[in-house]
Amino acid sequence: MILEIVSPEATLLKTEVDLISVPGVNGEFQMLNNHAPIVSLLVEGTVRFKGTNVKINEQFVSKFNNTKGEYSLPIKSGTIEMKENKVIILAD
């Protein structure tokens, strides 16, 4: 599935991933390929994702942590939409 993370400053990431975990209002939840469509608010926490060929724009690579192939990005809040194997996260 495609993951796109957009902040007020720029599009931080647009890449193919296998798994995404986000801090939802009612707790953390995960999405895999072919997940049902969803729109949700996000709270302060960490967006985590895994993929075999993750590509991060060089100017934003310092915003992401990479631990054993799992990437993470701390956020203060945001929204997420998953539809047709494309995830868009608007994050602060």
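The structure under discussion appears in the preceding block.
Residue positions are given per chain, counting from 1 as you read along its sequence in written order. Only residues with pLDDT of at least 70 get local features here, since the model is predicted, and only at 80 or more are side-chain atom pairs given and counted; chain-wide, interface and lining totals rely on the full set of residues. Each side-chain value is derived from all of the structure's non-hydrogen atoms; neither hydrogens nor water enter the calculation.

Quick notes on the nonpolar core
One recurring pattern in soluble globular proteins: nonpolar side chains tend to sit buried together.
Point 1. Judged by nonpolar contacts, the single largest core of 25 residues is most densely connected at Leu-3, Ile-5, Ile-20, Val-22, Phe-49 and Ile-89.
Point 2. Filtering out sequence-adjacent residues up to four positions away, Ile-89 remains in contact with Leu-3, Glu-4, Ile-5, Val-6, Val-22, Leu-42, Val-47, Thr-79 and Ile-80. Nonpolar cores were defined as sets of buried Ala, Val, Leu, Ile, Met, Phe, Trp, Tyr and Cys residues, with membership established by side-chain atoms within 4.5 Å. Partly exposed residues are those whose accessible area sits between 20% and 50% of the maximum for their type, while under 20% is buried and over 50% is exposed, using a 1.4 Å probe and protein chains only. In this description, contact between two residues means that some pair of their heavy atoms is separated by no more than 4.5 Å.

A word on the environment of Phe-64
Point 1. By the criteria applied, helices consist of DSSP H or I runs no shorter than four residues and strands consist of E runs no shorter than two, each listed in order from the N terminus. Here Phe-64 shows up in the loop between strand 6 (45–50) and strand 7 (65–67).
Point 2. It is 14 Å that separates the C-alpha atoms of Phe-64 and Thr-15, two residues lying 49 residues apart in sequence.
Point 3. Ignoring any residue separated from it by four or fewer positions in sequence, one finds Phe-64 in contact with Ile-5, Leu-12, Leu-13, Phe-49, Ile-56, Ser-72 and Leu-73.

Structural notes on the pattern of salt bridges
Point 1. Here, a salt bridge means any Lys or Arg side-chain nitrogen found within 4 Å of an Asp or Glu carboxyl oxygen. A complete count under the given rule lists 4 salt bridges for this structure.
Point 2. Here Glu-4 and Lys-86 are joined by a salt bridge, their closest N and O atoms 3.5 Å apart. With a gap of 82 residues between them, Glu-4 in strand 1 (residues 2–6) and Lys-86 in strand 10 (residues 86–91) connect regions that are remote in the sequence.
Point 3. For Lys-86, a relative accessible area of 30% gives the class partly exposed.
Point 4. Across the salt bridge formed by Lys-63 and Glu-9, the nearest N and O atoms sit 3.2 Å from each other. Of this pair, Lys-63 sits in the loop between strand 6 and strand 7 while Glu-9 sits in the loop between strand 1 and strand 2 (11–16); the two residues are 54 residues apart in sequence, bridging distant segments of the chain.

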